[in-house]
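Notes for the structure review
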Amino acid sequence: MPIQTLNALKKKFSSLSAQPAEAPITFAHSNPSFEIIALGARSGVLDGNMSSYMIRPLGTNEAVLCDAGTLGNGLKRAEKKHILNDIPVDLDPSLTRAGLVLHQTIRAYLISHAHLDHVAGLVLSSPDDTAKPIYAFPQTREILSEHLFNNRVWGNMGNQGAEPHIGKYHYKDMTPGQTERITHTQLDITAWPLAHGNTTSTAFLIKHNDHAVLYMGDTEANTEEGKAHLNTVWQAIAPLVKEGKLKAIIMEATYPDGRADNALFGHMRPKDLLQALRDLGHECGGRHYIRGLQVLVTHVKETFESNTDNTRKIYHNLQDGNDIGIHFIMAEQSARYLV
Ligand SMILES: [Zn+2]
Ligand SMILES: [Zn+2]
């Protein structure tokens, strides 16, 4: 190649990389309905990167946040990586884009359960937040209002519990299987309980027009209760799966397959996740219905152990056992998925 051409190419590429980047996409479906931004994607010791998924129907400025283990840090990191550039916020010079997304775009919190790795970001960003509803089951709402927003652990940002209330957050109780329209949005949500050790967790279906995303909070699959709850969810969503209207499932695999049965603490391994998805296929009336289904894998445990890359191990475990053609994607912080 003549040196001039090479230099011209180099110049072209360096000028391209110097431009304000278009929002990078980690994964894009051919005909997407939703944008999912992972504000946080792990569990364990990696504070600053805990479960938190912003789900927004494309073309709208309306999103829900599924869990909020990380919030401010996730938004700031996403802004730095230009991940928030496509969201049609109303510009206001007094706020960063991360702040605008928090104030304008995130319309509600859907909290699966009150473990700290799912609510820490909500608590820490609450003084800088705007008024919003928190959708949860009554069990979760009670823990939040009695043990977190209680004027002792943190100011009472809620509208229930210890006086005085600041009342910024309005608790909205969910009933299993009952659909609610989120205030001031076109989004409908339905919740089902999940078994998770000593507490109740939640699966949320987020629906816009005809299409949906399913967010599953932490769950176990190795107990009778765990299986029964999962099957109730699968029964409810099977029609959407069969019609190709379920665009993605966000679901946990916390430990690699080597983890002992008695050390799961209400979580799943890749083999448990695969079995649960086979059960979904069965519920749909055939595995072909779930072939190509996009499953965003969340909540991988980060530890201090040397030579442990749980994300890589879990990904390999999932690929090795994937006899059902699921499209597994390991969720990464500040990544954007168009589904
Ligand atoms: Zn948990
Ligand atoms: Zn968790």
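Conventions used here
- Residues numbered from 1 in each chain as written.
- Chains lettered and ligands numbered in written order.
- Predicted model: local features only at pLDDT ≥ 70, side-chain atom pairs only at ≥ 80, totals over all residues.
- Heavy atoms only, no water.
- Salt bridge = Lys/Arg side-chain N within 4 Å of Asp/Glu carboxyl O.
- Helix = DSSP H or I, 4+ residues; strand = E, 2+ residues; numbered from the N terminus.
- Buried < 20%, exposed > 50% of the residue type's maximum accessible area, 1.4 Å probe, protein only.
- Donors = N, O, S within 2.8 Å, 3.2 Å for Na, K, Ca; no water.
- Tetrahedral: all angles 85-135°; square planar, octahedral: opposite > 155°, others 65-115°.

**Some remarks on the pattern of salt bridges**
Counting across every chain of the model gives 14 salt bridges. Residue arginine 141 pairs with aspartate 173 through a salt bridge whose shortest N-O separation is 2.6 Å. Remark: aspartate 173 occurs in strand E8 (residues 169-173) and arginine 141 occurs in helix H5 (residues 138-147); sequence separation between them is 32 residues. Judged by relative accessible area, arginine 141 falls into the buried class, the value being 14%. Residue classification places aspartate 173 among the partly exposed positions, given a relative accessible area of 36%. The structure contains a network of salt bridges with shared partners spanning Glu35, Arg56, Asp86 and Arg336.

**Remarks on the coordination of the zinc ion (ligand 1)**
Donor atoms from the polypeptide that coordinate the zinc ion (ligand 1) comprise His113 (NE2), His115 (ND1), His196 (NE2) and Asp218 (OD), at 2.1 to 2.4 Å from the metal. Considering all four donor atoms around the zinc ion (ligand 1), the spread of angles at the metal, 90 to 170°, places the coordination shape in the irregular class. All donor residues of the zinc ion (ligand 1) come from one chain, and their arrangement in sequence is H-x1-H-x80-H-x21-D. Between the zinc ion (ligand 1) and the zinc ion (ligand 2), the interatomic distance is 3.3 Å, and aspartate 218 donates to each metal, bridging them. Of the two residues, histidine 115 is situated in the loop between strand E6 (106-110) and helix H4 (116-125) and histidine 196 in strand E10 (residues 188-196); the sequence distance between them amounts to 81 residues. Since its relative accessible area comes to 35%, histidine 115 is described here as partly exposed. When its relative accessible area of 2% is taken as the criterion, histidine 196 is described as buried.

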